[in-house]
Amino acid sequence: LHRRYGLWFRLRKLILWLLGVYIAIPFLVKLCPAIQAKLVFLNFVRVPYFIDLKRPQDQGLNHTCNYYLQPEEDVTIGVWHTVPAALWKNARGKDQLWFEEALGSSHPVILYLHGNAGTRGGDHRVELYKVLSSLGYHVVTFDYRGWGDSVGSPSERGMTYDALHVFDWIKARSGDNPVYIWGHSLGTGVATNLVRRLCERETPPDALILESPFTNIREEARSHPFSIYRYFPGFDWFFLDPITTSGIKFANDENVKYISCSLLILHAEDDPVVPFHLGKKLYNIAATSRSFRDYKVQFVPFHTDLGYRHKFIYRSPELPRILR
């Protein structure tokens, strides 16, 4: 009996401790909004951990060059440029100047904006670069300030400005070649911020591709399957308001009302990170927006049975046809 009582006492103590932590976390987040910002960006999570971002060839990207650009003073971002597979042999051993000049070749360019966590060398991202390269695209991607080996502090404004700087850098070298913008997950928020700004200054891209997009960061946080506090009393006040306080909105639903270029949305029905219904809702907003009345807006769902989830749409054998 004494042994059982001791076990129950320890178990009860553990339960009370866990309950205390569970209750304390919302107050901690409310008092320190920077915590919630870090959970949105997850820029401190570097996966894979042991790769050298200066050597994209270690990831099988033998026709890729690593650059460093400086969008602002005290900010440096790491960039990868993968040339079309048709230029693979010519690219061997070439320097940065050759790769920059290659952007002027008769091949379209995709500026890829990745999601939170990891780096430009993430496994699923590398596989997408390979697919797009095989289809004849230049692929330019980068790590936002604060990600990977890029220098600076992350913020929505900073991420958007980094993307704008890289877009302008591409346009200065690509001549009349089409330039498309592809955003994935959190990168869709950066992408619509960027394209809205480009449309406002009357220099829109040739098309916008959103893979696994959400409507806005508040709805995404509220719908996120990993949010164990979604039914917690005062969830919005404790968790969503600090996101807004940190200046993080990523308002895709508002941005699409000001975008004037072709739009393609890709979303897997079994996406466990950004629920499928948010991508569909964003499409419905865009499809009825007057800004898209002269442009094609298309939504392509991928059935649950395909198992593409959040990161594996690149595996679809239909992707070349869809992009065409």
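Bear in mind the structure is a predicted one, so any value in this text is a computation, not a measurement.

Thresholds applied
Residues numbered from 1 in each chain as written. Predicted model: local features only at pLDDT ≥ 70, side-chain atom pairs only at ≥ 80, totals over all residues. Heavy atoms only, no water. Salt bridge = Lys/Arg side-chain N within 4 Å of Asp/Glu carboxyl O. Helix = DSSP H or I, 4+ residues; strand = E, 2+ residues; numbered from the N terminus. Buried < 20%, exposed > 50% of the residue type's maximum accessible area, 1.4 Å probe, protein only. Contact = heavy atoms within 4.5 Å. UniProt positions renumbered as here; feature names shortened; annotations may be inferred. Axes fitted to C-alpha atoms, helices over the stretch in contact; angles between N-to-C directions. Parallel < 35°, antiparallel > 145°, perpendicular 65-115°, else oblique. Left-handed = near helix turned anticlockwise from the far one by under 90°. Lys, Arg positive; Asp, Glu negative; His and termini not counted. Polar contact = N/O pair within 3.5 Å; in protein donor to acceptor, adjacent residues only side chain to side chain.

### Quick word on the pattern of salt bridges
Step number 1: Applying the stated criterion across every chain, the model contains 13 salt bridges.
Step number 2: Here Arg157 and Glu72 are joined by a salt bridge, their closest N and O atoms 3.3 Å apart. Of this pair, Arg157 sits in helix 6 (residues 156-174) while Glu72 is found in strand 1 (residues 64-72), placing the two residues 85 residues apart along the sequence.
Step number 3: According to the relative accessible area criterion, Arg157 is partly exposed, its value standing at 48%.
Step number 4: Bridged by salt links that share partners, the residues Glu72, Arg145, Arg157 and Asp162 form one connected network.

### With respect to the side chain of Thr160
Step number 1: Within the secondary structure, Thr160 is located in helix 6.
Step number 2: Assessed through its relative accessible area of 5%, Thr160 is described here as buried.
Step number 3: Residues in contact with Thr160, not counting those within four places in the same chain, are Val190, Asn193, Leu194 and Arg197.

### Points about the UniProt feature "domain: AB hydrolase-1" (unreviewed entry) in the protein chain
Step number 1: The UniProt record marks residues 108-213 with the feature "domain: AB hydrolase-1" (unreviewed entry), using the residue numbering of this structure.
Step number 2: Counted over residues 108-213, helix gives 43% and strand 20%. Its end C-alpha atoms are 23 Å apart.

### Describing the packing of helix 6 against helix 7 (residues 186-200)
Step number 1: Helix 7 packs onto helix 6 with a crossing angle of 60 degrees between their chain directions and a minimal axis gap of 9 Å. The angle between helix 6 and helix 7 places the two elements in the oblique class. Handedness of the crossing formed by helix 6 with helix 7: right-handed. Residues Glu156, Met159, Thr160, Tyr161, Ala163, Leu164 and Phe167 of helix 6 pack against Leu186, Val190, Asn193, Leu194, Arg197 and Leu198 of helix 7.

### Looking at the side chain of Glu211
Step number 1: Summarising the element assignment, Glu211 is placed in strand 6 (residues 207-211).
Step number 2: Buried within the structure, Glu211 lacks any salt-bridge partner; Arg125 is the closest side chain of opposite charge, at an N-O distance of 8.8 Å.
Step number 3: Side-chain polar atoms of Glu211 contact the side chain of Trp182, separated by 3.0 Å.
Step number 4: The contact partners of Glu211, leaving out residues within four places of it in the chain, are Leu128, Trp182, Gly183, His184, Ser185, Thr188, Leu266, His310 and Ile313.

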